[in-house]
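Commentary on secondary and tertiary structure
Spelled out, the chains give:
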Amino acid sequence: MPAKNSRLPLVATLAALAAAVALLTAPAVLRESGPDPDPGASAAATTPAPQNGVKPSTADETPQPSASASPRPPGNPTADSTATVPGASRPGRRPPVVDHGPRTGDRVALTFDADMTDAMRHQLRSGAVRSYANLAIVELLEREEVPATFFLTGKWVEEYPEVTRRLAANPRFELANHTYGHLAFTSDCYHLPTIPRQRMTADVARTFDVIAPYGGRQTRYFRFPGLCHDRAALTELAPLGVTVVDGDVVSGDPFAKSWRPIVDAVLSRVRPGSVVVMHVTEANAPMTDEALPHILAGLAARGLTPAPLSEVLGAASPGRTP
């Protein structure tokens with residue numbers, strides 16, 4: 001008995017030492033397992049105006065999507081799966097927003113939005129509208145071997161699978177995401193119906209899934225309908241690892257009555273690195289195909305060459321947090 005009791009102080013001492021070690025090591029373990037600090041958070045207030053058309057972020061912390069959003073929706077990538085895809089940014093961070101590429105060289109990006117709302121789909125299926133796919137634009141780009149990037153809505157792809165297959169088969173064309181049904185991601189956006197915040201992530205993810213089977217030059221570029229977005233909308237896209245592309249040259253082609261104002265709007269603003277916003281939705285942008293030959297001639301006269309969006313943006317977009 002005495003021998004057994006004599007070991008009690010030693011046992012107590014060892015227990016105390018173990019507790020001390022646990023207290024000292026616990027903070028390090030917590031830091032390692034927590035989220036990485038946002039590299040743009042502390043620099044936002046002190047960094048000069050960003051270069052290469054990347055807009056500054058308003059983020060001051062790692063963004064947290066709304067609780068109702070699925071943490072891994074369809075189309076939600078991992079960092080490894082999107083590492084080589086143009087426009088891929090780090091999932092879990094508020095995505096960068098890009099207007100244009102570097103203002104050097106001679107390249108510009110021609111981008112075409114393919115809108116499709118429920119109302120447009122009804123008009124198409126009822127015969128009230130002949131087409132929302134301007135094949136004259138596609139044919140001209142093919143004939144002249146002009147690179148372009150198409151921002152597709154999921155519903156447009158569903159209505160025009162053969163046209164989508166044609167776009168994907170062209171090595172000069174890139175495919176990008178323009179939401180599933182062209183709903184607004186903010187209020188008061190050109191009178192478009194607004195999508196609830198809890199559906200934003202899944203809507204964009206669904207569109208990637210609709211486009212993916214067509215192959216071709218797939219990207220993680222995304223454009224909001226009407227270019228309307230705010231902090232909340234960007235936060236909801238954080239899980240998807242995208243780059244938001246607005247554009248610095250808006251053609252004004254929707255519902256234009258003449259091709260001349262479209263040409264003037266583009267050629268008066270275009271510069272090296274520009275991202276030109278046009279539409280391939282024929283009934284809603286009926287003059288774009290007539291304007292396009294004049295735009296191409298004007299670009300050539302200015303020494304500017306159309307290129308895929310990924311080449312124009314270069315280092316300005318993939319994986320960069322503004």
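Refer to the structure printed above.
Residues numbered from 1 in each chain as written. Predicted model: local features only at pLDDT ≥ 70, side-chain atom pairs only at ≥ 80, totals over all residues. Heavy atoms only, no water.

**A word on the pattern of salt bridges**
Condition: Put simply, a salt bridge is a Lys or Arg side-chain nitrogen that is within 4 Å of an Asp or Glu carboxyl oxygen. In this text, helices come from DSSP runs of H or I with a minimum length of four residues, and strands from runs of E with a minimum of two, each type numbered from the N-terminal end. Accessibility here uses a 1.4 Å probe with only protein chains present; expressed as a share of the type maximum, an area under 20% marks a residue as buried, one over 50% as exposed, and anything in between as partly exposed.
The tally for this structure, following the rule as stated, stands at 13 salt bridges. A salt bridge links glutamate 145 to arginine 172; the shortest N-O distance between them is 3.4 Å. Of this pair, glutamate 145 sits in the loop between α4 (135–143) and β3 (148–152) while arginine 172 is found in the loop between α6 (161–169) and β4 (173–177), placing the two residues 27 residues apart along the sequence. As a salt-bridge pair, arginine 165 and glutamate 162 come within 2.6 Å of each other at their nearest N and O atoms. Linking arginine 165 with glutamate 162, this pair stays in helix α6, spanning three residues, or about one helical turn. A residue is classified by how much of its surface remains accessible, and glutamate 162, at 55% relative accessible area, is exposed.

**Some words on the side chain of aspartate 253**
Condition: His is not counted here, nor are the chain ends, while Lys and Arg score as positive and Asp and Glu score as negative. What makes two residues a contact is simply this: any of their non-hydrogen atoms within 4.5 Å.
When you line up the elements, aspartate 253 lands in the loop between β7 (249–250) and α9 (260–267). No salt bridge forms around the buried aspartate 253; measuring N to O, its nearest opposite-charge neighbour arginine 223 is 9.3 Å away. Among residues more than four places away in sequence, those in contact with aspartate 253 are Ile262, Met278, His279, Asn284, Ala285 and Thr288.

**Brief notes about the packing of α4 against helix α10 (residues 288–301)**
Quick note on the threshold: Axis angles are defined between N-to-C directions and span 0 to 180 degrees, where every axis is a line fitted to C-alpha atoms and, for a helix, only to the segment in contact. For this classification, under 35 degrees means roughly parallel, over 145 means roughly antiparallel, 65 to 115 means roughly perpendicular, and everything else is oblique. Left-handed describes a crossing in which the near helix is turned anticlockwise from the far one by less than a right angle; the clockwise case is right-handed. In this classification, the charged set is Asp, Glu, Lys and Arg, the nonpolar set is Ala, Val, Leu, Ile, Met, Phe, Trp, Tyr, Cys and Pro, and all remaining amino acids, among them Gly, are polar.
Running from N to C, α4 and α10 point in directions that differ by 25 degrees, and their axes come no closer than 8 Å. It follows from the interaxial angle that α4 and α10 lie roughly parallel. The crossing of α4 and α10 is right-handed. Contacts from Ala136, Ile137, Leu140 and Leu141 of α4 reach α10 at Thr288, Asp289, Leu292, Pro293 and Leu296. Along the lines of polarity and charge, the residues of the contact of α4 with α10 split into seven nonpolar, one polar and one charged.

**Looking at the packing of aromatic side chains**
As a reminder, the rule being used: The aromatic pairing rule takes the rings of Phe, Tyr and Trp, using the six-membered ring of Trp, and pairs them if the centres are within 6.5 Å, calling planes under 30 degrees apart stacked, those over 60 edge-to-face and the rest tilted. Each ring is checked for a lysine NZ or an arginine CZ that lies within 6 Å of its centre and within 35 degrees of its normal; such an atom marks a charge sitting over the ring.
With the rule as written, the count across this model stands at six aromatic pairs. Seen in terms of ring centroids, phenylalanine 112 and phenylalanine 150 are 5.5 Å apart; in terms of plane orientation they differ by 25 degrees. Their pairing is stacked. With phenylalanine 112 in strand β2 (residues 107–114) and phenylalanine 150 in strand β3, this residue pair connects regions lying 38 residues apart in the sequence. Overall, phenylalanine 150 belongs to the buried group, its relative accessible area being 0%. Relative to tyrosine 160, the ring of tryptophan 156 lies with its centre 5.2 Å away and its plane at 40 degrees, an arrangement referred to as tilted. When sorted by exposure, tryptophan 156 lands in the same class as tyrosine 160, which is buried. Through a chain of ring-to-ring contacts, three or more aromatic side chains come together here, namely Phe112, Phe150 and Phe173. A cation over an aromatic ring shows up here: arginine 206 above the ring of tyrosine 180, its NZ or CZ 3.8 Å from the ring centre. Over the ring of phenylalanine 208 we find arginine 220; its NZ or CZ atom is 3.8 Å from the centre of that ring.

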